[in-house]
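Structural overview
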Amino acid sequence: MSENQSEHHQHGPNTSVFEDKDMDNKTLQSIGVELLPIHTEGTVHAKRIGGKFRNLKWIAASFWLIFFTFSYLRWDGHQAFLFDMENRQFHILNLTILPQDIWVLAMILLFFALLLAASTAIAGRMWCGYFCFHTVWTDVFTWLEEKFEGQPNKRMQLDKTGWSFTKLRTKLPKWGAWLLIAFLTGFSFVAYFVDVYDLWGRLFRFELGTYESTIIITLTVTTFFFAGILREQTCIGFCPYARIQGAMIDTQTVVPTYDVERGEPRGRIKRAKPGEPVEELGDCIDCNLCVAVCPTGVDIRRGQQFGCITCGLCIDACDSVMDKIKKPRGLIRYASLAEFAHKSMPAIYKRPRVIVYSSIMLFAAAMIIYGLTTMSPIDVKALHERSPLFVKMSDGSIQNKWTIKVVNKSNEPMRAVLHVGGVDGLEYRIDRADEVIEVQAGNVASTTLFVKIKQKLLQSSSTPLTVYVQDLDNPQVKTTYDTTFFSPEPR
């Protein structure tokens, strides 16, 4: 039995606590406990109350300030975070990721995908409740709605009235604030793909390109519609994650849960007349505050539903009521079905789902670290000429031809020099007059390599060679490429 449950059994049901205090509904209202009806139609206008999980939601939501601000950071004279699709370059601080290293980004995506699955197995839709961009934007939009239109009851009454100048005057400022946030959302997204300061300049000069304008307008409209108008219906009717979460959670997943054993039978407290039997009730006084604060309108007392986004606001609401009526907290709390079934809970690291998800995450993390630590600012590829594989020269030597591609992954121009090793006495040349390959920042330069070896020096029809490439201005920046020299069978 849990601590809260044992405390409940010490206190007894509602009537045993309040019988001496002679509390009825009017008394509850006098100490600040609202007895709210459940609204099941129309837009959900959630009531806002403070609490531990509400504060946690705001802290988690502040993570998205990164989205609005990081595009303005500069690094060595360029945008610190820039996904240059036109030039196929991804700039992250001093690191430039080219298509050759795109697998690193794939590992990052794999890591966060498994992190989502692991967090769901442990604590349900924790992503939805605290970090999901739709949840955060909707939370901010409804917070602004409260500032402009008042508390939920007032907003519901306003929605029921017909259109008038007064109603329009009330809603226009709210729509203006929503539209501003929606525009900044679309603009900030595009700013990660082009230089943000140049984008602002072209915006005020009305010189935005077709693609940029289309994306900004589309994201502005969809943000306004989904976060401001559709709201909880996006989570319930459109988001696939709400439906596939059932495959990720089990009886050991910790989610906001109503303690039926402690709370039922629920009911409003009534003043008992002398001589009348006292009806024994659970701790739930049926105030419906847990439903009123839910952003998706879920009644957690009916069990788990796919509309629940695991935000914990119902816990804040219930705890505030328990404090006022002098009952122990935890009638609604983060708990698993196994706990309520009085089954033992294995340690998190022993659960099969968590082990599988964590193992894949560790693999992805190891690959990311390996990729970032071994990623050289320079890369080289040697493409051997296929037709013909080799040419026999007039002096009896054998010549092979390669196309050399030098990739400059840094943010500065590079002057690369090349040499070939593997066989003593070989001769090589490239089709550059000064034998220096100039490569612009984040680009590829090509040249042709010719290697000639006397046939008497060859012991096989295929001889290993190594191509060495080095930055002339930064000798520590270098790389190699292993290839094969083809020739006739030696006599």
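Predicted model only: the values in this text are computed from it and were never measured. (Residues numbered from 1 in each chain as written. Predicted model: local features only at pLDDT ≥ 70, side-chain atom pairs only at ≥ 80, totals over all residues. Heavy atoms only, no water.)

Turning our attention to the sheet that holds strand β5 (residues 95–97). Backbone-to-backbone hydrogen bonds join strands into a sheet, with any given pair of strands oriented parallel or antiparallel. If you trace the 3 strands from one edge of the open sheet to the other, you get β3-β4-β5, paired in antiparallel fashion. Two strands lie at the open edges of the sheet, namely β3 (81–84) and β5, each paired on one side alone. Sheet twist, expressed as the mean angle between neighbouring strand axes with direction ignored, is 15°. Pairing of β3 with strand β4 (residues 89–92), which is carried by 4 bridges, proceeds in the antiparallel orientation. (Pairing = 2+ DSSP bridges. Helix = DSSP H or I, 4+ residues; strand = E, 2+ residues; numbered from the N terminus. Axes fitted to C-alpha atoms, helices over the stretch in contact; angles between N-to-C directions.)

A word on the sheet that holds strand β11 (residues 414–421). Strand order in this open sheet of 4 strands is β13-β11-β15-β16, and the pairing throughout is antiparallel. At either end of the open sheet lies a strand with only one pairing partner, and these are β13 (436–439) and β16 (478–486). Sheet twist, expressed as the average angle between the axes of neighbouring strands with direction ignored, equals 30°. Where β11 and strand β15 (residues 462–471) come together, 6 bridges link them in antiparallel fashion. Residue pairing for β15: G421 is matched across the bridge by T466.

Counting residues in hydrophobic clusters, the biggest one holds 35 residues, and the most contacted among them are L289, I300, V321 and I332. For this core, the elements supplying multiple residues, two or more each, are α4 (52–61), α6 (102–123), α7 (126–131), α16 (289–292), α17 (313–324) and α19 (352–374). With 7 residues, α17 is the largest single contributor of residues to this core. (Core = buried A, V, L, I, M, F, W, Y, C linked by side-chain atoms within 4.5 Å. Buried < 20%, exposed > 50% of the residue type's maximum accessible area, 1.4 Å probe, protein only.)

Moving on to unusual backbone geometry. Note on backbone geometry: most residues besides glycine have negative phi, and most peptide bonds are trans. Looking along the chain, the bond that leaves E264 and enters P265 is cis, with omega of -5°. Residue P388 is bonded to the preceding S387 through a cis peptide linkage, with omega at 0°. Here P388 lies in the loop between β8 (378–384) and β9 (391–392). One non-glycine residue, N288, lies in positive phi territory at about 65°. Take N288: it is sitting in the loop between α15 (260–263) and α16.

A word on empty space enclosed by the protein. Going through the model one piece at a time under the given rule, you end up with 5 cavities of 30 Å³ or more. In terms of residue count, helix α8 (residues 133–149) provides more of the lining of the largest cavity than any other element does, 5 residues in total. For the lining of the largest cavity, the per-class residue count stands at 7 nonpolar, 6 polar and 8 charged. Considered as a void within the structure, the second largest cavity measures approximately 110 Å³ in volume. Residue lining of the second largest cavity: 15 residues in total, with C284, C287, C290, C318 and L331 positioned closest to the centre. Looking at the lining of the second largest cavity, the elements that each hand over two or more residues are α16 and α17. It is α17 that provides the largest number of residues to the lining of the second largest cavity, a total of 4 residues. Partitioned by chemical class, the residues of the lining of the second largest cavity number 12 nonpolar, 1 polar and 2 charged. (1 Å grid on protein atoms, 1.4 Å probe; cavity = no way out; pocket = protein on both sides within 12 Å on 5 of 7 lines; lining within 4 Å. Points joined across faces, edges and corners; volume = space filled by probe spheres on them. Nonpolar A, V, L, I, M, F, W, Y, C, P; charged D, E, K, R; others polar.)

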